[in-house]
Structure formats: structure tokens, C-alpha cells
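Results of the structural survey
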Amino acid sequence: MIARNILETRFKEVFGKNPDLIVKSPGRINIIGEHTDYNEGFVLPAAIDKAIYVAVGKREDNLINLYAEDFKAHYAIALKGIAPTELSWPNYILGVVQQIKDKELSLSGFDLYIDGDIPVGAGLSSSAAVECATGYALNELYGLSLHRVEIAKMGQLAEHTYAGVMCGIMDQFASVLSKAGHVIRLDCRDLSYTYVPLDLGDHELVLLNTNVKHALASSAYNDRRHACEHAVSLVQAKYPEVKSLRDVNLSQLDELVKPVSPAAYLKARFVLEENERLNKACEALQTGDITALGEQLFLAHEGLSKDYEVSCAELDYLVEQAKQFEQVKGARMMGGGFGGCTINIVEKGFGNQLVDALSKGYRSRFDLELTAIFVAIDNGTEVVY
Ligand code: GLA
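Now for a look at the structure at hand. Numbers given to residues run from 1 along each chain, matching the order in which its sequence is written. Under the rules for a predicted model, residues below a pLDDT of 70 receive no local features and side-chain atom pairs below 80 are neither given nor counted, while totals for whole chains, interfaces and linings still include all residues. Water and hydrogen atoms were dropped before computing side-chain values, which therefore reflect all heavy atoms in the structure.

1. As for the pattern of salt bridges
What counts, and what does not: When a carboxyl oxygen of Asp or Glu lies within 4 Å of a side-chain nitrogen of Lys or Arg, that pair is called a salt bridge. Helix numbering and strand numbering both begin at the N terminus, where a helix is a DSSP run of H or I of at least 4 residues and a strand a DSSP run of E of at least 2. Relative accessibility decides the category of a residue: with a 1.4 Å probe and only protein chains considered, values under 20% of the type maximum give buried, values over 50% give exposed, and everything between is partly exposed.
All told, the structure shown has 23 salt bridges when counted by the stated rule. A salt bridge links Glu 8 to Arg 4; its shortest N-O distance comes to 3.3 Å. Of the two residues, Glu 8 and Arg 4 are both situated in helix α1 (residues 4-15); the distance of four residues between them amounts to about one turn of the helix. Residue Glu 8 is classed as buried on the basis of its relative accessible area, which comes to 19%. Of the residues examined, Arg 4 reaches a relative accessible area of 40% and is grouped as partly exposed. Across the salt bridge formed by Arg 363 and Glu 369, the nearest N and O atoms sit 2.9 Å from each other. For Arg 363, a relative accessible area of 37% corresponds to the partly exposed category. Among the ionic contacts, a cluster of salt bridges with common partners joins Arg 10, Glu 13, Glu 69 and Lys 72.

2. Some remarks on the nonpolar core
The cut-off we apply is this: We call a set of buried residues a nonpolar core when its members are Ala, Val, Leu, Ile, Met, Phe, Trp, Tyr or Cys and they connect through side-chain atoms within 4.5 Å of each other. Contacts are residue-level and defined by heavy atoms, with any inter-residue pair within 4.5 Å sufficient.
Core analysis: the biggest nonpolar cluster contains 83 residues, and Ile 29, Ile 31 and Leu 293 have the highest contact counts within it. The element that contributes the greatest number of residues to this core is helix α3 (residues 126-142), accounting for nine residues. Discounting chain neighbours no more than four positions away, the residues touching Ile 31 are Leu 44, Val 183, Leu 198, Leu 205, Leu 293, Leu 297, Arg 332 and Ile 343. Of all hydrophobic cores here, the second largest spans 30 residues; its members include Tyr 38, Cys 167, Ala 220 and Val 248.

3. Side note on the site of the ligand
We count it as follows: Being near a molecule or strand, for a residue, comes down to having at least one heavy atom within 4 Å of it. Side-chain atoms alone can form a polar contact between residues adjacent in sequence; in general such a contact is a pair of N or O atoms within 3.5 Å, and within protein one must be able to donate a hydrogen while the other accepts it. Reported accessibility uses the Shrake-Rupley method at a 1.4 Å probe radius. Residues are deemed covered only where the shown protein chains occlude them. Under the scheme applied here, ten amino acids are nonpolar (Ala, Val, Leu, Ile, Met, Phe, Trp, Tyr, Cys and Pro), four are charged (Asp, Glu, Lys and Arg), and all others, including Gly, are polar.
Near the ligand, the surroundings consist of Arg 28, Glu 34, His 35, Asp 37, Tyr 38, Cys 167, Gly 168, Met 170, Asp 171, Tyr 221, Gly 335 and Gly 336. One of the backbone N or O atoms of Gly 168 is found 2.9 Å from an oxygen atom in the ligand. Measuring from an oxygen atom of the ligand, one finds a backbone N or O atom of Gly 336 at 3.3 Å. When the free accessible area of the ligand is taken as 310 Å², the share hidden by the protein chains comes to 92%. Partitioning the shell around the ligand into residue classes produces four nonpolar, four polar and four charged.

Okay, structure coming up:
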């Protein structure tokens, strides 16, 4: 949590005046349902109590004037000339401005100060939080009347066009629409959703941060998406009514994809299985059967690692080690993959012990620090000032 007066003071130091508005948009976790969003499947994310904050103020001219506290860096560009930059951080903001321009909504120049407490590179979707904080703040500042779902969609498109990652809707949706104490069971085909209480009884969530983000993660992400689309196109040749993997069953994959592209087959089969696991996980959550819920997480990790191939040695190690403890009911890599965190469901109070137990081995194996992140489930985007 970053206090409002700190944000106000820093805005004033950087831009010489008070902000008109401060908005907070959170990072997210996902219980289960990975790489299903861009395949029109289901996800089960929730916002966390770590967020991006943007303080904004209107300007008289048409300059977009940005300052990022993390990098102690300025970036300025004329509203009419915006385009993706070599620097990565301004792109998440400019991409959203582009979306607003594309909708032919009117805005002027503005000053924007950005800070946050989401660990970067941990797979907690800090970039989605930047997009959503920006979209929400500009919506308020200029009275654009955009609905929350629209703000999430604009964040997703900003990521596609300005960051080059063809992501699904999960991260932005969770950032904008979450509700404290609940996970969102989101159907990514039509964006219908329900809030499911996240009641883990005598258990807690702990994230174990590998502290690695392997290179090429975004191109590998786009490759996975293409593999799924390829599988769909192979099925469509015989079943033209099929639009996405959501419409496909295993026998169609066996018949039409397996013989032609064994690689795409494994990816597509994973997606079908992951949707089933999510349904089982929701049932387990509703009946309070945390062991059954955790089992689905372990199975999801197997699939993500062996079939979908988005894990890495560090993530596999942490899940394998965590599994050895009976107090750990479930563990898996979380998010896009190739680094970031594992999510673990453990007996209450065991989180710290787990980190202590794994840290030494992790350090000697990978020469990296293992850090724990404890999270509470929070509300989505809101105005804090
Ligand atoms: C990243 C993307 C999401 C989703 C996950 C994997 O976080 O931004 O859209 O695809 O990976 O589930």
C-alpha cells in the first residue's frame, strides 16, 4: 500500500502542482485456468493487495508528460504523435491512450506519475495493472463513460499493440473487476462471470517467487497461442462450425490434430484438460475440500510443464519440493510461465516454514534467492483520491 500523501507529494515535486486524481489498480493471482483465456476457456483469478498507482493532472497543452518512480525516469510525447517506444514502461500507458484515440473520445495533454508495490517480473501482472490504472484514471479525468469491462479490454489491446504480447483478457479483467474475498470465475468466451468466495478454511496462499524471468517469454507466449490456433484450424477443416478450442473435444483432436501436428495436439489437449480441472477446482472450493482443490493445482503444473511447456527448471524445482510436505495441499506455476511465482495452498502458518525449508536448496541449486509473497484478495481498480 502506498499512502495517498506520498503520491500527492511526489506528484507535486515532479510536476509542480497537485494531481486532479489518484487511481489504484491491483496485480492478480490465478487459482487455476492457465493459458485458457485466449482459447475462450475459463479462468479463476483475483486481485491482490499489491497495486499500481497513477496520479494524473490535466494540462493546458497537448503534451503527455510521464514520470515513473521505479525508474526515476521522465518520458514526454505530443498526444498526436504517440507511437510505441523503445523504452518499455511508457508503452503500457501510451497503448491505452491510443485505444482512447481509436475510439474517437476526446482528451487533452496530461501529467501522469506512476508508482506501485507489485514486484516486477513476478508474474503478478504489473503491466496489466498499469494499463488498467491508466484507463480508469483517464476515464474519470475526462468523463469518458467507459464501463469497467471496456477498460479491461482496452488494456488488453494496449498490450497487443504497444507491448507486442498477444495476451488474453484475464489479467486486465481481474485488475478492474475483482471483489475482496472472492475469485472471479470468468468465461473468456462471452466475459460472463461469477464471484466465488475464496474460503480456504485452515489454509493460506503463499507465492514463491523464483526471481527469474527468462528471456523470450513473450515470443514463447505468442508461439503457444499460434499452436492453439493451428489446432483449431485443423479441426475446422472438417468441422467449420468450430470457432475456438472451447468448441473442440478430445476425439476431434485425436482424429484431426494428433496425426498432423503432435506438438499442437499436446498444447490443445492441455487447454481442454485445464478447463476441466478448473471446473473440478470450483466444485472443490464450493464444498470446502481443499485437498481436492490442491490436487487440481498439482495436475495443472504437470500439464503446464510437460505438455504446454511453459515452465522452467526453477518453477519445477519449487513445485516438486513443495509437494514433499503434507502441509502443502497444492502447488503450481502461475501466469504465463518461464519464471515468476508458484502459487501454493498450505496449512495456515506453514507458509514461512515452507520458504525456510526451500530457500537453502534453491540458492545452492540456482544461485538465486527465493522470496515469499503473502497476498490478501482485494477489490479491483478504484479512485483513492
Ligand atoms: C499472461 C497473460 C494472460 C494469460 C496468462 C496465462 O498472464 O497476460 O492473458 O494468458 O499469461 O494464463
